[in-house]
Amino acid sequence: EAQVTQNPRYLITVTGKKLTVTCSQNMNHEYMSWYRQDPGLGLRQIYYSMNVEVTDKGDVPEGYKVSRKEKRNFPLILESPSPNQTSLYFCASSLGNTRLTDTQYFGPGTRLTVL
Amino acid sequence: AQTVTQSQPEMSVQEAETVTLSCTYDTSESNYYLFWYKQPPSRQMILVIRQEAYKQQNATENRFSVNFQKAAKSFSLKISDSQLGDTAMYFCAFMKPPNTPLVFGKGTRLSVIA
């Protein structure tokens, strides 16, 4: 089944404790992206990657890191989480082919709480 | 920068009735894509329908259809024969190809009432 998976789905942690949220897709998509969703603010892009070893900042990158060592994986790293990073996080991927409607498919979401 | 506005924070509809959700956007681009995503209580983001700006014909997916008015920069979603499973938050989104971030509206919470 074609899908985007995220782990963990739920995480409660404390301020300053490094964490990684994994994202994997099995659709051979070139483009991958991380969003956060907050009440009243909608979804905002954190980072994106157009291909292996190519990453770039989105609208709200502060406090986050990403890497794209393999095409299928795009982990989100919080080196020193803070309470303002408590949010619902989504990973998304798309073909990245400019000749096609480039629809982004979303993972199931990760609910992160930083105490 | 592009912006997407959904002016109806909440709506409700009786089961089997038709409801229309509004979305307007602002852009100077001529080539772009528009999407409606559904987020049910499970929080999953599910693609409902998409429209390419260069296509004049309105997109349709089963009970879901759009009214795309390019000159007015309007992209409304019509849900026919509403079902209880349609209860969700609906987000309108804009994307300028290639590979740019989706710009989302703030969502409309739709409740389908039995």
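**Concerning the interface of chain A and chain B**
Here comes step 1: In this assembly, 24 residues from chain A lie in contact with 19 residues from chain B.
Here comes step 2: Carbon and sulfur atoms make up 55% of the area that chain A and chain B hide from each other, which totals about 1,900 Å².
Here comes step 3: At the boundary of chain A and chain B, one finds 0 salt bridges.
Here comes step 4: For the pair chain A and chain B, the interface holds 6 residue pairs in polar contact (both at pLDDT 80 or more).
Here comes step 5: Within the residue set of the side of chain A that touches chain B, elements represented by two or more residues are β4 (31-38), β5 (42-51), β9 (87-94) and β10 (105-106) of chain A.
Here comes step 6: The element that contributes the greatest number of residues to the side of chain A that touches chain B is β5 of chain A, accounting for 4 residues.
Here comes step 7: Residue classes in the side of chain A that touches chain B are distributed as 12 nonpolar, 10 polar and 2 charged.

**A few points about the sheet that holds strand β7 (residues 65-66) of chain A**
Residues and elements named next belong to chain A.
Here comes step 1: Judged by pairing direction, the sheet is antiparallel, and its 4 strands sit side by side in the order β1-β3-β8-β7 without closing on themselves. Whereas interior strands pair on both sides, the edge strands pair on one side only; in this sheet they are β1 (4-7) and β7.
Here comes step 2: Examined bridge by bridge, β1 and strand β3 (residues 19-25) share 4 bridges and lie antiparallel to one another. The partner of V4 across the bridge, within β3, is Q25.

Calculation criteria
Residues numbered from 1 in each chain as written. Chains lettered and ligands numbered in written order. Predicted model: local features only at pLDDT ≥ 70, side-chain atom pairs only at ≥ 80, totals over all residues. Heavy atoms only, no water. Contact = heavy atoms within 4.5 Å. Buried area = accessible area lost by both parts, 1.4 Å probe. Salt bridge = Lys/Arg side-chain N within 4 Å of Asp/Glu carboxyl O. Polar contact = N/O pair within 3.5 Å; in protein donor to acceptor, adjacent residues only side chain to side chain. Helix = DSSP H or I, 4+ residues; strand = E, 2+ residues; numbered from the N terminus. Nonpolar A, V, L, I, M, F, W, Y, C, P; charged D, E, K, R; others polar. Pairing = 2+ DSSP bridges.

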